[in-house]
Amino acid sequence: MNLIFSLIVLAILILIPLMGVGVLGLNSLFAIFIPYLAFAIFFFGLIYRIIGWARSPQPYKITTTCGQQKSLSWIKHSRLESPASSWEVYLRMFFEVFLFRSLFRNLRADFDGKRLIYGSAKWLWLGAILFHLSFLVIMIRHLRFFVNDIPSIVQKISAVDSFFQLGLPPIYITNLLILAGLGFLLLRRLVDAKVNYLSYASDYFPLLLIISIALTGILMRLYVKPDLYAIKQLTYGLATFNPALPKGNLSMLFYIHLFLVSSLAAYFPFSKLVHMVGVFFSPTRNMPNDNRMSRHINPWEYPVKYVTYAEWQEKFRDVMEEAGIPIDEEWANVAQK
Amino acid sequence: MYNTNKVIIGIIVFIIFFAMPFWLNFGKVEALPKPELPKEEKKCIEDTDYMKAYHMKFLDEWRKTKVREGKVNYINNEGKIYKMSLQRTCMKCHDNKEKFCDRCHKNLVVQPDCWKCHLAPEEVKKWQ
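Throughout this description, residue numbers start from 1 for each chain and increase along the sequence as written. Labels follow written order: the first chain is A, the first ligand is 1, and so on. Predicted model: local features are reported for residues with pLDDT of at least 70 only, side-chain atom pairs are reported and counted for 80 or more only, and whole-chain, interface and lining totals are derived from all residues. Here the side-chain values reflect all heavy atoms present in the structure, with hydrogen atoms and water set aside.

### Some remarks on helix α10 (residues 252–267) of chain A
Residue and element names in this part refer to chain A.
Logical step 1: The helix and strand labels rest on DSSP assignments: H or I over at least four residues marks a helix, E over at least two residues marks a strand, and numbering proceeds from the N terminus. One less than the number of residues in a helix, times 1.5 Å, gives the span that helix is expected to have. With 16 residues, α10 ought to run about 22 Å at 1.5 Å a step, and its terminal C-alpha atoms sit 22 Å apart, in line with that.
Logical step 2: Remark: exposure states derive from per-residue accessible area (1.4 Å probe, protein chains only) relative to the maximum for the residue type, with buried under 20%, exposed over 50%, and partly exposed in between. Of all 16 residues making up α10, twelve are buried, and the element is well covered by its neighbours.
Logical step 3: Those residues of α10 lying buried are L253, F254, Y255, I256, H257, L258, F259, L260, S262, S263, L264 and A265.
Logical step 4: Only heavy atoms enter the contact rule, under which two residues are in contact if any of them lie within 4.5 Å. Contacts made by the buried residues of α10 are with α1 (2–23), α2 (27–54), α4 (123–141), α8 (201–222) and α9 (228–239).

### Here's the deal with the interface of chain B and chain A
Logical step 1: Opposite the 38 residues of chain B that make contact, chain A presents 48 residues.
Logical step 2: Here the buried area means the combined drop in accessible surface, using a 1.4 Å probe, for two parts upon being joined, counting both sides. Of the roughly 3,900 Å² buried between chain B and chain A, counting both surfaces, carbon and sulfur atoms make up 69%.
Logical step 3: The three residues of chain B that bury the most area against chain A are B:Y2, B:F22 and B:L108, which together make up 16% of that side's buried surface.
Logical step 4: We define a salt bridge as a contact between a side-chain nitrogen of Lys or Arg and a carboxyl oxygen of Asp or Glu at a distance within 4 Å. For the pair chain B and chain A, the interface holds one salt bridge.
Logical step 5: Among the salt bridges present, the one from A:D227 reaches B:K52, with a minimum N-O distance of 3.9 Å.
Logical step 6: We call two N or O atoms a polar contact when they sit within 3.5 Å, provided that within protein one can donate a hydrogen and the other can accept it, with sequence-adjacent residues counted only if both atoms are side-chain atoms. On the surface where chain B and chain A come into contact, there are 13 residue pairs in polar contact (both at pLDDT 80 or more).

### Quick word on the environment of A:H275
Logical step 1: As for its position among the elements, A:H275 is in helix α11 (residues 275–278).
Logical step 2: Owing to a relative accessible area of 43%, A:H275 belongs among the partly exposed residues under this scheme.

If you want it as structure tokens, here you go:
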């Protein structure tokens, strides 16, 4: 059901440029206005989300630890698993963001007869890292469409990535890897009953959206070639704030690709995909485990009105004396000071 | 806002990363280089739109039919016959690789390895 809903939304998203460009001929709307709008939503939406998170207090220290805390000098301290200083936290964050270290620890629960057992499950990590790193390389490669004087690092990445020349143009390795990664992430939700039970439309939709973006891109790269020179004129115009529709024919597939990318950008800040910035704000990851060294002040804390025993005793002294309750003189002296 | 300094640094890094397409062009905005079309001829082998988009598939096809199947001639949709050759057909009309093929390719990070073995017209002239 969730899957079908996402598929319907995706089909509508593909139909919009088909109708808008193919039937109504709103080329500049789809080539210029919508991409700009989507990019603006992406930027301001993400900044809005960042500020929203930055304003939320972290009342407790809830860092996750999987190793020995720093304590006595002769007890070996696990720097990454239980970071105590902020630079150790940075290090842990770095491995988390670039290598998905905590996902590498993913476990799978299963029954061995009647016994519940846990085993290491690296497939999720592999699928995720294939997808994310390929996406990064693909984004860097796309700079060729937006920049005139392309940095040599981008050229080198493209050259390495197009190593396999099975026909022309060469096949990008990352294109295959991203499909493998995404395919695994989607299949996992479909095949594994436990994950399937947890999957909503908001899980399927981003996957399907990114898969269709990748597929339209690969189709344009290998089979249904558009006029890339005309496309570069358009995209270069967009990047230099000098947008104009080029004379050449931008293919329909390109409009679909562009519209799906715009949808992804606009959807990004308001979906689960914001985990891109959310990961930096996860208190379980970004707090040092230095509870014993420095006190974490709850930002919610306000000065509480309280009455000490001495003050209380002073207030009820007469009544207490009358009732024969012993007066603690030591406390009384404190109160008088 | 908590940790204001770090958050602001984070936002700046994020903007710098995602605005790369914009600032990489900063101060270097100029018209894209245009490939120089042959002057004597009017028409390419096939339709221009087709050539623009598909010339690499077209060359691949030529390469396969010539090298693997041993056929020599290509007949275009107007019935004209061409010898299938990168150097002696394409580059006869497009006689300046630098100003034609490369202008387009450099601009779009296309790095064909053809010229490691095949000779560009500029190079051929040097040897003659």
